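Here is how the chains run, residue by residue.
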Amino acid sequence: MQLKDKLKLTGAVIAVFFLGYIYQAYLLYQRSTKLHYRVYHTDSVLNELTILNNAFHKYESATKSYIAAPTTKHKEQLTNDTEDINQHLYSLKKLTKDNPDQQLMLGQLSGYFKDGFFPLIKKIKTDTALTVSSSAQAGHITSLDELHEQTAKAIENMTMTEKILWNRRTDDLIFYNTTRFFFSVSGYLIMGALVFLAIYQVGVYIRRNKLAEEKAKLSSKKYQSLIDDSAITSIISDTEGNIRFISKNVQALTGYSASDLKGVPIAQCMPRAYRDGVMEAIKNVVASGNYSNVLELEIFTFSRVNKWINCRIAPLFKNNNEIEELQVAFWDMDEEMKVRMELEQLEVEQKNQQVLLQNILDNLPNFVFVKDAAGKYQLANKKLKELLDVGSPDDIGIKISNFVKQENVPDKYSESDWQVLNNKAVVSFEEKYPVNGVTHYFQIVKFPLLNEAGEVTHICGITTDISEHRESENELRAARKTAEQAKTAQETFLANMSHEIRTPMNGIIGMSNLLLSTKQDAEQKEFTETILESSSNLLSIINDLLDFSKIKSGKFMFEYVPFRPRHVIRKAIYPLQFKAEEKRIGLNINIADDIPEILIGDPLRLQQIVINLMGNAIKFTSEGSVTITVSGKLIQNNAINLRLSVVDTGIGIPENKLDYIFESFTQNNVNTSRQYGGTGLGLAIVKQLAEMQHGQITVASKLGKGSEFTVEIPFEIGKEMPVVQENKPISADGMLLLKGMQILVAEDNVINQKVVKNTLSKQGAVVDIASNGREAIALAQQQYYDVILMDLQMPEVDGYKATRHIRQVLKIDVPVIAMTADALKGEAEKCFDAGMSGFISKPFDPNDLYQQLLKITNAKTINTMTTQSGPETTEPLIDLSYLDELSGNDPAYMYEVMQIFLSNMPEGLEKLEGLIRNTEDWDSIYRQAHFLKSSVSIVKIRNMYDSLAEIEDYAKKKENLGQIPVILDQIVATFKEAHPLLIAERDRNKPEGA
């Protein structure tokens, strides 16, 4: 029997014995524990009996004390002792519940206490002669002694019974504890004997193994010497691939000694690329018990240069045919593998070069071929094969020969081949060839391919399809003709546009001249002159912009006249102040004192430069200011270099755009054009205007900080201005423009009703008022009107719906002019879509309204002019100038309008405030703000129109909603401040008797 089997048997015996020993020890422990509990329980009963006996003695003593002196204290003591006895009797009853004999004796004891002591104590407590009769006391004491003797005897009997039980249980406990001791000692002795037997068997096995190992070592030395002297390196490993033995000749192969590699996993001796394959081979050998195939792999060497080997893995079996170890035999294949790999690499490179060359040829846009000296095609790229629809180079020659014969053309191919072969010349010629039924034109180039001796061995040809080039030439000719026609059309268009734009501008200039002929104060005259001059400048600039080609061609003409530079510059800037005020940015003008009073040059071009630069600065500035500084430097006695510097705090220009900003149609980026508008032509014009006057323009800018444009132009210094005779325009003849015209006004705002009616009535019109679209429809159906003025935002039925009903349902072709305070982009288009004939924004210019009415009713054109207020440094709290103009200085009319305004505005503001504070009905808030805005456009109160417009815009778009209450607070505060002034102005215009 083997040692392993003997140890298994011995272990089994020990295990069985140990389990039996544990089970018996457990039973003894359970019995001993139970006996311990019973002894403890008996002790508890004895202890409780002793306490109860003492309690009865104490109770007897307390009773005698009460008999001798029946006080409250003794009475309370009796009560407490009674409770103690009852408690101890109850405890004994629980402890002896499993002992019927003790329960019986305990019941007798309880009877003595309840049936004897209780009645006696009750009798004693009720005996009135107790305190005066000694015989009565002696009688009670005698009864008490008898009862005490009975209870003492009962307790003694119970105690004796319990002590007998305690002695028996204690003897049993001692017996089981002694048994447990002897059982443990015997168990330890038996276990020791079994372990000693096992150790003895191991010792015998070790001695036998030692003798066997000595024999094996002797045999191993002989085997290892054979392996070490051979060309094959051998490894012995466990089944996991960990090296246990390796032959010494491994050092010659790898540079590592056998001791270096012992214990190292085989997989770690090679690069990662081979590890999985080797480990898989090891698993297969262990699983199958067969030799592995020969593996080719690299191994690490001490010199850090990997070496190629071949290896094979074989299983080593134990006596019971189980695989105990693996033998790995490997041999050097490094030189052989390197040679083989070099050959393979050369083959791969050659194939790659061939593929690369073919890919290059196949992806060239040209048709490429190579043929030998005999004219046989050796190579052709993919494009040529596809063109000729052939599969191999041999077919190319056949197809071309057939084409030459069919077309009856000279054989240029053979002739050109001869020149290349014999003259080593490069030959080029054009040829046409049909492709899918369409004739294509080709440029063919042939050149020789020479060998090392300089002899022509092959001809290479490169053919290019030049059909598109031919077509492009034809297209260019056609495009040139089209461009010439477009140029002519452009010139015609520019001429027509110039005419169309100049026509309304001439009207403005003519109306300004007419206005100058009327009676005006100094301020009105200045404003009118500014309008006239700005309009003239704008017309001239438009003409120059439309004829921008003249600037590029050098045909642009400049004036050479005296002018006042201060006057010219201020007049150019003045119209821009309104835009700056609208954007709430500062506009500053600094003109140096040493600027000459008169200069000679082109004032219009100077104004154009100022307008372009300042207009750009204002457009691209949303906060801060725009400043123009004018200075001069004397360059000769009669000439000055005028320097204009325009500085803004706007968006700025990126540094990489500064070199391109003056190019035509150039802006900062696409978003700039979308956000700010414009064509990007302004700065290009300024630059050309400056340079054509021998000046220059420069720019300095920082993105997000602002820009500074500086223009320098030389001007001659003048001495005096020529005297110009002013020609006043002819006054209007005073005829009523709208006399007899029947007009229906649809307007829900009472103030606007009064304003429109008064404005129209002053010119002789007969006016009816409709307060909403429904009334307008009813009136239009009842009587004839020459024209209808239709407000867009009205209750019940708005202007759009009313107009559609009049057009589509009533079929009335009366002119309808829209009136609205919404001057938004797209509003006019919506009006025309609804069937309206015209559009006018509120607050309207009376003359604009007259023009619209006369134009739309084909009446005569009026000859009136409007006035325009100039900018004020401080806006007044209330402004009634517009109302005064509309009323024609009629106090009764002004009183009536202001009375309506003061009656309706507080209620309207209260309604708006209620909507804003208590609801989120943004549509109603928008409509109410729009309604109030119309009123304050007539009776103007500082900033209220703009503030109501902001609320209207925010409510309509449902954005910046948190700002609406803030704006409302400002409106209410402003109206409260203006209210007493409005009352005073109303009362000042109050007619007599009103």
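Sequence positions are assigned chain by chain, starting from 1 and proceeding in written order. Local features in this predicted model are restricted to residues whose pLDDT is 70 or higher, and side-chain atom pairs enter the listing and the counts only when it is 80 or higher, whereas totals over whole chains, interfaces and linings include all residues. Calculated side-chain values reflect all of the structure's heavy atoms, with hydrogen atoms and water omitted.

Undergrad: Explanation requested: the overall build of the protein in the structure shown.
TA: Helix and strand definitions follow DSSP, with helices as H or I runs of at least four residues and strands as E runs of at least two, each counted in order from the N terminus. Along the backbone of the protein there are 29 helices and 24 strands. Put simply, 63% of the contacts in the protein that link residues at least 6 apart link residues at least 24 apart. Of the roughly 57,500 Å² of accessible surface on the protein, a fraction of 53% belongs to carbon and sulfur atoms. Throughout, a residue-residue contact means that at least one pair of heavy atoms, one from each residue, lies within 4.5 Å. With residues, only the protein chains shown are counted as cover, and all accessible areas are computed by Shrake-Rupley using a 1.4 Å probe.

Undergrad: Please clarify how the environment of Asn-80 should be interpreted in this entry.
TA: Mapped onto the fold, Asn-80 is located in helix α2 (residues 72-95). With a relative accessible area of 40%, Asn-80 lands in the partly exposed category. Classification of residues uses two cut-offs on accessible area relative to the type maximum, computed with a 1.4 Å probe and protein chains only: under 20% is buried, over 50% is exposed, and between them is partly exposed.

Undergrad: Teacher, can you tell me more about the sheet that holds strand β3 (residues 295-299) here?
TA: Each strand in a sheet pairs with its neighbour through backbone hydrogen bonds, running either in the same direction (parallel) or in the opposite one (antiparallel). Strands sit in the order β2-β1-β5-β4-β3 across an open sheet of five strands; the sheet is antiparallel. Each having just a single partner strand, β2 (243-246) and β3 make up the two edges of the open sheet. The average undirected angle you get between the axes of adjacent strands in this sheet is 35 degrees. At least two DSSP bridges between two strands are needed for those strands to be called paired. Strand direction decides the pairing type here: strand β4 (residues 307-317) and strand β5 (residues 323-332), joined by nine bridges, are antiparallel. The residue bridging Ala-314 from the neighbouring strand is Gln-327, located in β5. Against the sheet, helix α7 (residues 272-288) makes contact with β3, β4 and β5, and its axis sits at roughly 20 degrees relative to β4, the strand it touches most. Only the stretch in contact is used when fitting a helix axis, every axis being a line fitted to C-alpha atoms; angles between N-to-C directions are given from 0 to 180 degrees. Sitting on the sheet, helix α8 (residues 334-363) is in contact with β3, β4 and β5, with an inclination near 125 degrees to β4.

Undergrad: Explain a nonpolar patch on the surface to me, please; I cannot follow it from the model alone.
TA: Every patch collects residues that have over 30% relative accessible area and no salt bridge, joining them within 9 Å if they carry like charges and within 5 Å if they are nonpolar side chains (Val, Leu, Ile, Met, Phe, Trp, Tyr). Put simply, a salt bridge is a Lys or Arg side-chain nitrogen that is within 4 Å of an Asp or Glu carboxyl oxygen. On the surface, Tyr-23, Tyr-26, Leu-27 and Tyr-29 cluster together into a nonpolar patch covering about 460 Å² of accessible area. In this structure, Leu-27 sits in helix α1 (residues 3-68).

Undergrad: For this particular structure, what's the right way to read unusual backbone geometry?
TA: Only a minority of non-glycine residues have a phi that is not negative, and only a minority of peptide bonds are not trans. If you check the backbone angles, Lys-424 has positive phi at about 50 degrees while not being a glycine. Positive phi is not limited to glycine here, since Arg-584 has a value of about 60 degrees. Its location among the elements puts Arg-584 in the loop between α16 (576-582) and β12 (586-591).

Undergrad: What exactly am I supposed to notice about the pattern of salt bridges here?
TA: Once the charged atoms of two side chains with opposite charge are near each other, the side chains can pair. According to the stated counting rule, one finds 21 salt bridges in the structure shown. Here Arg-244 makes a salt bridge to Glu-325, at a shortest N to O gap of 2.8 Å. A residue pair is termed long-range when its members are at least 10 positions apart, and Arg-244 in strand β2 and Glu-325 in strand β5 qualify at 81 residues. Among the salt bridges present, the one from Arg-986 reaches Asp-987, with a minimum N-O distance of 3.1 Å. With a relative accessible area of 17%, Arg-986 lands in the buried category. Residue Asp-987 is classed as partly exposed on the basis of its relative accessible area, which comes to 39%. Salt bridges sharing partners connect three or more residues here, namely Lys-371, Asp-417 and Lys-446.

Undergrad: Please clarify how the confidence of the model for the protein should be interpreted in this entry.
TA: Caution applies to low-pLDDT regions: their predicted coordinates should not be interpreted in detail. A residue-level look at the protein finds 82% of positions with pLDDT of 70 or above and a mean pLDDT of 79. You can read pLDDT as the predictor saying how much it trusts each residue, on a scale of 0 to 100. In the model, residues 673-679 has pLDDT below 50 throughout and makes 13 contacts with residues more than four positions away in sequence or in other chains. Across residues 859-873, where pLDDT falls below 50, the model places 41 contacts with residues more than four positions away in sequence or in other chains.

Undergrad: Would you explain the packing of helix α27 (residues 922-936) against helix α28 (residues 944-957) in this entry?
TA: Pairs of packed helices are described in terms of their axes, by the angle between the two and the distance that separates them. Where α27 contacts α28, the two axes come as close as 8 Å, and the packing angle between them is 160 degrees. What the angle tells us is that α27 and α28 run roughly antiparallel. You can see that α27 and α28 cross each other, and the crossing is left-handed. When α27 is examined against α28, the residues Trp-922, Ile-925, Tyr-926, Ala-929, His-930, Leu-932, Lys-933 and Val-936 are found in contact with a partner set consisting of Met-944, Tyr-945, Leu-948, Ala-949, Ile-951, Glu-952, Ala-955 and Lys-956. For the contact of α27 with α28, the class distribution of residues is 12 nonpolar, one polar and three charged. Under this scheme an angle from 65 to 115 degrees is roughly perpendicular, one under 35 degrees roughly parallel, and one over 145 degrees roughly antiparallel; angles in between are oblique. Should the near helix be turned anticlockwise from the far one by less than a right angle, the crossing is left-handed, and should it be turned clockwise, the crossing is right-handed. Gly is placed with the polar residues, together with every amino acid not listed as nonpolar (Ala, Val, Leu, Ile, Met, Phe, Trp, Tyr, Cys and Pro) or charged (Asp, Glu, Lys and Arg).

Undergrad: Even after reading the chapter, I still don't get the UniProt feature "transmembrane region" (unreviewed entry) in the protein, so can you show me in this structure?
TA: UniProt positions are given in the numbering used here, feature names are shortened, and annotations may be inferred rather than shown by experiment. UniProt's feature table lists "transmembrane region" (unreviewed entry) at residues 12-29 and 181-200, given in the numbering used throughout. As a span, residues 12-29 carries 100% helix and 0% strand, and end to end its C-alpha atoms are 26 Å apart. The span residues 181-200 is 100% helix and 0% strand, and its two end C-alpha atoms sit 29 Å from each other.

Undergrad: Can you help me understand the sheet that holds strand β22 (residues 838-841) in this one?
TA: Strand order in the open sheet formed by five strands is β19-β18-β20-β21-β22, with parallel pairing between adjacent strands. The open sheet has two edge strands with one neighbour each: β19 (766-770) and β22. Ignoring strand direction, the axes of neighbouring strands in this sheet form an average angle of 20 degrees. As paired strands, strand β18 (residues 742-746) and strand β20 (residues 787-791) are joined by four bridges and run parallel to one another. Bridge pairing links Ala-746 to Met-790 in β20. On the sheet, helix α22 (residues 799-809) packs against β20 and β21 (816-820) and is oriented at approximately 150 degrees with respect to β20.

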